[in-house]
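Given next are the chains, with one letter for each unit.
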Amino acid sequence: MLARGRGLVQGDDVKKHRFILIAVAASFLFHAPTGSAAASGWLDDYHRAQDEAKSSHKLLLLNFTGSDWCGWCIRLDQDVFSQSDFKDYASKNLVLLELDFPRPGGSRWQGQAAELKKQNLELARQYEVQGFPTLIVLDGNGQKLWRFEGYLLGADLIAQLEKLHKG
């Protein structure tokens, strides 16, 4: 047993402190912004994505989405963006940028930095986004090459991107 008078913690107190530490760590894990997009190669910083597209001579795919409330956005992510054929094509030909507009008050919205919200709103205004999902393709210089509003099958999206890539 450790001496309490010397400022040392007793066995039961160690267990309590350990439990509190684990609980705090778990809350950060479970409440951290999780984006399947971020985990699969999607960026969220427009300037970084634009610089990467320019330096790598790739097209920049902007995905305006409501990741936690828009049914078609969720389906596009599950049916297209998370599939291996799209991932393979994207890794060779695209820089991916997710511009997310999560549900106000939701955990993703609360986890989204103010600068990111501002950037996404400014880009939505610039590209006159009226609904979700909206896909926009830019070249390395920021020139808009293509726009699509709504859900698109993976094969159709890849075919369209391939046309743009070949010029």
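Read on for an overview of the structure. The structure displayed is predicted, hence computed values, not measured ones.

## Remarks on the packing of aromatic side chains
Then, number 1: Enumeration over the complete set of coordinates arrives at 6 aromatic pairs.
Then, number 2: A ring pair is formed by F101 and F132, whose centres lie 5.3 Å apart and whose planes are at 35 degrees; its orientation type is tilted. Note that F101 is positioned in the loop between β2 (94-100) and α6 (107-111) and F132 in the loop between α7 (114-126) and β3 (134-138), a separation of 31 residues in sequence.
Then, number 3: We classify F132 as partly exposed; its relative accessible area is 27%.
Then, number 4: Following the ring pairs from residue to residue traces out a cluster consisting of W42, F81 and F86.
Then, number 5: The ring of Y151 carries R75 above its face, with NZ or CZ at 4.8 Å from the centroid.

## Observations regarding the nonpolar core
Then, number 1: With 19 residues, the main nonpolar core has L61, F81, F86, L94, L157 and L161 as its most contacted residues.
Then, number 2: Elements with a minimum of two residues in this core: β1 (59-65), α4 (71-81), α5 (84-93), β2, β3 and α8 (154-166).
Then, number 3: Apart from residues no more than four positions distant in its own chain, L61 is found in contact with W42, F81, F86, L94, V95, L96, L97, L135, I136 and V137.

## Examining α4
Then, number 1: Residues of α4 that are buried include every one of C73, L76, V80 and F81, and no others. Looking down the long axis of α4, one finds its buried residues gathered within 70 degrees of arc, a one-sided arrangement.
Then, number 2: Residues of α4 that are buried make contact with β1, α5, β3 and α8.

Rules used throughout
- Residues numbered from 1 in each chain as written.
- Predicted model: local features only at pLDDT ≥ 70, side-chain atom pairs only at ≥ 80, totals over all residues.
- Heavy atoms only, no water.
- Phe/Tyr/Trp six-rings, centres within 6.5 Å; stacked < 30°, edge-to-face > 60°.
- Helix = DSSP H or I, 4+ residues; strand = E, 2+ residues; numbered from the N terminus.
- Buried < 20%, exposed > 50% of the residue type's maximum accessible area, 1.4 Å probe, protein only.
- Lys NZ or Arg CZ within 6 Å of the ring centre and 35° of its normal.
- Core = buried A, V, L, I, M, F, W, Y, C linked by side-chain atoms within 4.5 Å.
- Contact = heavy atoms within 4.5 Å.
- Arc of directions from axis to C-beta.

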